[in-house]
Amino acid sequence: MSNVTFVSNQTDFKLKQASRHRTWVERIIIANHKFPSDIQFIFSTDDFIADLNKQYLHHSTLTDIITFNYNSGNYISGDIFISIDRVKENAEKFKTDFYPELQRVMIHGILHLLGYNDKTEAEKRKIRKKEDESLQILDRI
């Protein structure tokens, strides 16, 4: 049984159309022949994400997302921490609106849980293609 939740930590951000986004996440996971389980999106600040990045990944750079994978077999589970500050800045940088950028980051975390990586240029192209395909599915929900 799926339990996809959206919470805010140290920010007043609240995801619009949560049920639509929950359905989308579940469909993407099922389309990849897996089962959605406990997935929590935690929307937070640059400072909070930077602390997580330093503590758990030993990186001192800013990032828009950190994904913790708790998968068990074919059941997809994890915590996806997203910096609302980074998403806002990246939306401006890439000349897009906030929500399309947020949705790209959200599905990026899900794709990581599904086993997609982005370390090499080939992996980056593949995950970007999957992001684009996933965003098209959201447009139909």
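Thresholds applied
Residues numbered from 1 in each chain as written. Predicted model: local features only at pLDDT ≥ 70, side-chain atom pairs only at ≥ 80, totals over all residues. Heavy atoms only, no water. Phe/Tyr/Trp six-rings, centres within 6.5 Å; stacked < 30°, edge-to-face > 60°. Helix = DSSP H or I, 4+ residues; strand = E, 2+ residues; numbered from the N terminus. Buried < 20%, exposed > 50% of the residue type's maximum accessible area, 1.4 Å probe, protein only. Pairing = 2+ DSSP bridges. Axes fitted to C-alpha atoms, helices over the stretch in contact; angles between N-to-C directions. Contact = heavy atoms within 4.5 Å. Expected span 1.5 Å × (residues − 1). Arc of directions from axis to C-beta. Polar contact = N/O pair within 3.5 Å; in protein donor to acceptor, adjacent residues only side chain to side chain.

Q: Just to check I follow, could you spell out the packing of aromatic side chains for this structure?
A: To describe a pair of aromatic rings, you give the distance between the ring centres and the angle between the ring planes. For the coordinates displayed, the defined rule picks out ten aromatic pairs. Plain terms: the ring middles of Phe-48 and Phe-81 are 5.9 Å apart, the flat faces sit at 40 degrees to each other, and that makes the pair tilted. Placement of Phe-48 in helix H2 (residues 46–57) and of Phe-81 in strand S4 (residues 75–83) is noted, with a sequence separation of 33 residues between them. The exposure class assigned to Phe-81 is buried, which follows from its relative accessible area of 11%. Feature note: the residues Phe-6, Phe-13, Phe-41, Phe-43, Phe-98 and Tyr-99 constitute an aromatic cluster, connected by ring pairs.

Q: What is the right way to look at the sheet that holds strand S3 (residues 65–69) in this model?
A: The pairing of strands in a sheet happens through backbone hydrogen bonds and is either parallel or antiparallel. Ordered in space as S1-S2-S4-S3, the four strands form an open sheet in which the pairing is mixed. Two strands close off the open sheet at either side, each with one partner strand: strand S1 (3–8) and S3. On average, each strand axis in the sheet is tilted by 15 degrees relative to the strand beside it, whichever way the strands run. Where S3 lies against S4, five bridges are found, and the strand directions are antiparallel. The residue bridging Thr-67 from the neighbouring strand is Ile-80, located in S4. Against the sheet, helix H1 (residues 18–31) contacts S1, strand S2 (35–44) and S4, and its axis sits at roughly 135 degrees relative to S2.

Q: Explain helix H5 (residues 121–139) here, please?
A: Think of an α-helix as 3.6 residues a turn; residues three or four steps apart then line up on the same face. The end-to-end C-alpha distance of H5, which contains 19 residues, comes to 27 Å, matching closely the 27 Å that a straight helix rising 1.5 Å per residue would cover. Those residues of H5 lying buried are Ile-127, Glu-131, Ser-134, Leu-135 and Leu-138. Projected down its long axis, H5 carries its buried residues within an arc of 105 degrees, all on one side. Turned more than 90 degrees off the buried face of H5, the exposed positions are Glu-121, Arg-125, Lys-126, Lys-129 and Asp-139.

Q: So what exactly am I meant to see when it comes to the side chain of Ser-83 here?
A: Inspection of the secondary structure puts Ser-83 in strand S4. A polar contact is formed between the side chain of Ser-83 and the backbone nitrogen of Arg-86, at a distance of 3.1 Å. Dropping the residues within four chain positions of it, Ser-83 is found in contact with Ser-44, Thr-45, Asp-46, Ile-49, Thr-63 and Asp-64.

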